[in-house]
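Examination of the molecular architecture
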Amino acid sequence: MPTSKTTNTKKSLLIAAAEIVKEEGVVKLTLEAVAQRAGVSKGGLLYHYPSKEALIKGMVEDWKNNYFESIIALAKDDTKEPGKWSRAYVQSTYSNLENDKLLSSAIMAAMFINPELLDEYRQQYDRLLTKLENDGIDPIKTTIARLSIDGLWFSEIFGMQPLNKELQTNVFNELINMIEEED
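Now for a look at the structure at hand. These numbers were taken from a predicted model, which means no experiment stands behind them.

Its 15 residues give helix α8 (residues 119–133) an end-to-end C-alpha distance of 21 Å, which sits within 8% of 21 Å, the value for a rise of 1.5 Å per residue. Looking at α8, one finds that the buried residues are Y121, Q124, Y125, L128, L129 and L132. Each buried residue of α8 lies within a common arc of 150° when the element is viewed along its axis, so the set occupies one face. Residues of α8 that are buried make contact with α4 (52–77), α5 (84–95) and α9 (139–157).

Below is the structure:
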């Protein structure tokens, strides 16, 4: 089991890498830049991530694990069976809009460096979509909710006409209401 210091160092490296991608673009993602931003020697970075691809793979795995664990936990805690996966998906995506601005950098980096790094994410996402499609509510409404929250997420991470907080909240509430009206 990794020590707390090891875990903290790895997390610092992942955050530094995500910040660089978000602020400067994937082209500026170098091992030297990540080590410098994280306040770690390049040797320290290489100890945890022996290559740029390993670093990006770590970014993707961290983001994927946090994202899907959040959805699973929300669905598990939801006592109302119909629509629980759809609500969990919308709630998790909405609640992580700010955090995902950095973590979504993993997707951009992987697409730029090696799209195959997203294969495991795609497989897990496909399994989630099966749960959404069999969530006990109209699959059209589930799809509308999923695509709407995905669109909100994309507008936020790319800074493409992001919504103000009040409108974000109203859109979120309307999506949840749409899912619950179906029950």
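Within the element layout of this structure, S95 appears in helix α5. On the basis of relative accessible area, S95 is assigned to the exposed category, the value being 52%. In this structure the C-alpha to C-alpha distance between S95 and S70, which are 25 residues apart in sequence, comes to 9.9 Å. Here the side chain of S95 touches S92 through a polar contact of 3.2 Å, landing on its backbone oxygen.

Here the focus is unusual backbone geometry. For residues that are not glycine, phi is negative in most cases, and the peptide bond is trans in most cases. One non-glycine residue, Q161, lies in the positive phi region at around 50°. The exposure class of Q161 is exposed, given its relative accessible area of 71%.

With that settled, the discussion passes to the environment of S41. Inspection of the secondary structure assignment puts S41 in the loop between α2 (31–38) and α3 (42–48). Between the alpha carbons of S41 and G159 there is a distance of 32 Å; along the sequence they are 118 residues apart.

What follows covers the pattern of salt bridges. Scanning the model with the defined rule gives 11 salt bridges in all. E24 serves as the salt-bridge partner of R37, at 3.3 Å between the closest nitrogen and oxygen. Placement of R37 in helix α2 and of E24 in helix α1 (residues 4–24) is noted, with a sequence separation of 13 residues between them. By relative accessible area, which is 33% here, R37 ends up partly exposed. Close ionic contact of K57 with E61 constitutes a salt bridge, the shortest N to O distance being 4.0 Å. Here K57 and its partner E61 are both found in helix α4, 4 residues apart, which amounts to about one turn of the helix. Residue classification places E61 among the partly exposed positions, given a relative accessible area of 33%.

This part covers the nonpolar core. Among the nonpolar cores identified, the biggest contains 50 residues, and L29, V34, I56, I71, Y89 and V90 are the most heavily contacted of them. Contributing elements (two or more residues each) for this core: α1, α2, α4, α5, α7 (105–113), α8, α9 and α10 (165–181). Looking at which element gives the most residues to this core, the answer is α4, with 9 residues. Among residues more than four places away in sequence, those in contact with I56 are L29, A106, A109, A110, I113 and L117.

Below, the discussion takes up the packing of α5 against α9. Think of two packed helices as two axes; the pair is described by the angle between the axes and how far apart they sit. Look at α5 against α9: their axes get within 10 Å of each other, and the N-to-C directions meet at 5°. Considering their axes alone, α5 and α9 lie roughly parallel with respect to each other. In this structure, α5 uses S86, Y89, V90, T93 and Y94 to contact α9, whose residues at the interface are T142, A145, R146, I149, D150, L152 and W153. Each residue belonging to the contact of α5 with α9 can be placed in one class, and the counts come to 7 nonpolar, 3 polar and 2 charged.

Cut-offs used in this document
Residues numbered from 1 in each chain as written. Predicted model: local features only at pLDDT ≥ 70, side-chain atom pairs only at ≥ 80, totals over all residues. Heavy atoms only, no water. Helix = DSSP H or I, 4+ residues; strand = E, 2+ residues; numbered from the N terminus. Expected span 1.5 Å × (residues − 1). Buried < 20%, exposed > 50% of the residue type's maximum accessible area, 1.4 Å probe, protein only. Arc of directions from axis to C-beta. Contact = heavy atoms within 4.5 Å. Polar contact = N/O pair within 3.5 Å; in protein donor to acceptor, adjacent residues only side chain to side chain. Salt bridge = Lys/Arg side-chain N within 4 Å of Asp/Glu carboxyl O. Core = buried A, V, L, I, M, F, W, Y, C linked by side-chain atoms within 4.5 Å. Axes fitted to C-alpha atoms, helices over the stretch in contact; angles between N-to-C directions. Parallel < 35°, antiparallel > 145°, perpendicular 65-115°, else oblique. Nonpolar A, V, L, I, M, F, W, Y, C, P; charged D, E, K, R; others polar.

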